[in-house]
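An overview of the molecular structure
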Amino acid sequence: QVQLVESGGGLVQAGGSLRLSCVASGRTFYNMGWFRQAPGKEREFVAAIGWSISVTIYKDSVKGRFTISGDNAKNTVYLQMNNLKHEDTAVYYCAADVARRLPTIIQSAWDSWGQGTQVTVSS
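What you see is a predicted model; the values in this text were computed from it and never measured. Position labels on residues start from 1 in each chain and follow its written sequence. Totals for whole chains, interfaces and linings use every residue, but because this is a predicted model, local features are given only for residues with pLDDT of at least 70 and side-chain atom pairs only at 80 or more, for both listing and counting. Here the side-chain values reflect all heavy atoms present in the structure, with hydrogen atoms and water set aside.

Right, let's get into the nonpolar core. Nonpolar cores are built from buried Ala, Val, Leu, Ile, Met, Phe, Trp, Tyr and Cys residues. Side-chain atoms within 4.5 Å join them into one set. Relative accessibility decides the category of a residue: with a 1.4 Å probe and only protein chains considered, values under 20% of the type maximum give buried, values over 50% give exposed, and everything between is partly exposed. By size, the foremost hydrophobic cluster in this structure holds 28 residues, and its most contacted members are M32, W34, V77, L79, M81 and Y92. Here a helix means four or more residues in a row that DSSP labels H or I, a strand means two or more in a row labelled E, and each is numbered from the N terminus. Mapped onto this core, the elements with two or more residues apiece are β3 (18–25), β4 (31–37), β5 (44–50), β7 (66–71), β8 (76–81), β9 (90–97) and β11 (117–122). If you look at the next biggest cluster of nonpolar residues, it comprises five residues, including F35, A48, A95 and W110.

To continue, consider unusual backbone geometry. Even without a glycine there, the phi angle at N75 is positive, about 50°. Here N75 shows up in the loop between β7 and β8. Positive phi is not limited to glycine here, since N83 has a value of about 50°. Considering the arrangement of structural elements, one finds N83 in the loop between β8 and β9.

What follows deals with the pairing of strand β6 (residues 55–58). Taken together, the four bridges between β5 and β6 define a ladder with antiparallel strand orientation. In the strand pairing of β6, G50 is matched with V55. Strand pairing is assigned whenever DSSP identifies at least 2 bridges connecting the two strands. Count of turn residues in the β5/β6 antiparallel hairpin: four residues, of which S54 carries a positive phi of about 55°.

Right, here's the structure in full:
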């Protein structure tokens with residue numbers, strides 16, 4: 001059974017840091033990434049990594065602050081979030097994709113999702 005489990009969310013002051021983790025099980029994925037959904041907003045792309053071609057992509061507003069990394073052999077992805085802003089407050093979801101292609105920002109293209117972990121940044 002495919003399962004993605006996130007951890008690392010919490011409450012942090014603006015300017016602080018958090019590190020999210022996601023462990024996938026049940027199969028091997030080609031791409032892994034992170035989306036988020038803020039209160040009253042639609043779920044949006046944050047960052048993704050393509051394992052085989054070693055490429056990473058980011059939402060523009062998090063570039064320079066967030067870093068995605070992971071361990072392909074362990075189906076594990078991390079999101080290091082630095083200089084957090086109040087606007088980063090959201091439920092963060094881990095996503096995984098079996099397609100052998102570049103990762104995409106389109107959420108419907110991703111195969112599997114975690115339950116989400118809450119990130120709250122105080123202003």
